[in-house]
Amino acid sequence: MNTWSVTTSADEVNGIAENAAAISTLVSHVSLALKEAESLSRIWEVSEKWPSVGRAIVQFRVSTQLFEAFFNSAIGYRAMFRRGPRIGSATNAALVASLDELLSGSLPEAVTAHLVEIGPKWIGRTTVPKSEFLRSLDPSLAKVWYSTAEVRPNGEIRLMPTGVSDRKIDVGLEYDWAEIRQNPEDCVLEAKGAFVGPCGLFQLKDPELRARTLSSKGQA
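Quantities reported herein were computed from a predicted structural model and do not represent experimental measurements.

Asks: Looking at this structure, I do not really get the packing of aromatic side chains. What am I missing?
Replies: Aromatic ring pairs are described here by two measures, namely the spacing of the ring centres and the angle between the planes. Enumeration according to the criterion identifies twelve aromatic pairs in this entry. When the centroid spacing of 5.5 Å and the interplanar angle of 35° are considered together, the rings of tryptophan 145 and tyrosine 146 count as tilted. Like tryptophan 145, the residue tyrosine 146 is buried in the burial classification. Every member of this aromatic cluster is reached through a ring pair, and the members are Phe67, Phe70, Phe71, Tyr77, Phe81, Trp145 and Tyr146.

Written as structure tokens, this is what we have:
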């Protein structure tokens, strides 16, 4: 069984500082994978009820090795949340900030994106101002996870496995966490931004609740 020698850190600024080197390493690996990705899917997701309200989603493929290390290693994404919800949130924010920096230098002023409804359901294509697309990817509200519904270049939506494995991780709690594994063709990471509405940015799921759930159960 995979075993993490992880202890809960002080879940505040000192705990984040203690884990800064591991966070930086994780961000570097993901940033490199994004730079080397053959393609990057740019998506604008809208609500069926509020089609004027949308959020940016970015999907990109990573290697099986990075995918498994990201989710199942003792210095990976979920392990940072295991150390503490705020430590995990700081890791998530650092990953999104790195993504923002890369996109800021590569996106055109008018971003062509797949237009999908929550579900997801492909509607067509749309153009979103770069500033609005990047605004959605706010480090404090955007979230990183793996995709279970890949939007392909032709607009086809390919549903993928849940990723939940029978293999377990001893994380030092009274119950084990399931490893997250995918076939090589299904190793797709995604960043989901906050919805951009007339009253500002918001998420449908409370980011603090997500962080606490990840910290206690390893699930988003």
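From this point on, the discussion continues.
Asks: Please clarify how helix H7 (residues 207-217) should be interpreted in this entry.
Replies: In an α-helix there are 3.6 residues to a turn, and that puts residues three or four apart on one side. Taken residue by residue, H7 has Arg210, Ala211, Thr213, Leu214 and Ser215 as its buried positions. Buried residues belonging to H7 abut helix H4 (77-83), helix H5 (85-106), strand E6 (143-146) and strand E10 (177-180). By the N-cap criterion, in which a side-chain oxygen at the helix start approaches the backbone nitrogen of a residue two or three places on, H7 is capped by aspartate 206, the distance to glutamate 208 being 2.9 Å. Just downstream of H7, glycine 218 is the residue with a positive phi angle, here 75°.

Asks: Would you explain the layout of surface pockets in this entry?
Replies: It is a probe the size of a water molecule, rolled over the atoms, that shows where empty space is left. Computed from the structure, the largest pocket encloses a volume of approximately 480 Å³. Forming the walls of the largest pocket are 23 residues, and the residues nearest its centre are Arg55, Tyr146, Thr148, Glu190 and Lys192. Broken down by secondary-structure element, the contributors of at least two residues to the lining of the largest pocket are strand E2 (40-46), strand E3 (54-61), E6, strand E7 (149-151) and strand E11 (188-192). Here the element with the most residues in the lining of the largest pocket is E6; it accounts for four residues. Looking at the lining of the largest pocket residue by residue, the classes come out as twelve nonpolar, four polar and seven charged. In this structure, the second largest pocket occupies an estimated 240 Å³ of space. Taken together, 15 residues line the second largest pocket, and the ones lying closest to its centre are Ser39, Leu40, Ser41, Arg61 and Glu150. Those elements giving two or more residues to the lining of the second largest pocket turn out to be E2, E3 and E7.

Here is what the cut-offs are and how they apply
Residues numbered from 1 in each chain as written. Predicted model: local features only at pLDDT ≥ 70, side-chain atom pairs only at ≥ 80, totals over all residues. Heavy atoms only, no water. Phe/Tyr/Trp six-rings, centres within 6.5 Å; stacked < 30°, edge-to-face > 60°. Buried < 20%, exposed > 50% of the residue type's maximum accessible area, 1.4 Å probe, protein only. Helix = DSSP H or I, 4+ residues; strand = E, 2+ residues; numbered from the N terminus. Contact = heavy atoms within 4.5 Å. Polar contact = N/O pair within 3.5 Å; in protein donor to acceptor, adjacent residues only side chain to side chain. 1 Å grid on protein atoms, 1.4 Å probe; cavity = no way out; pocket = protein on both sides within 12 Å on 5 of 7 lines; lining within 4 Å. Points joined across faces, edges and corners; volume = space filled by probe spheres on them. Nonpolar A, V, L, I, M, F, W, Y, C, P; charged D, E, K, R; others polar.

Such coordinate-based values are descriptive only and should not be taken to indicate function.
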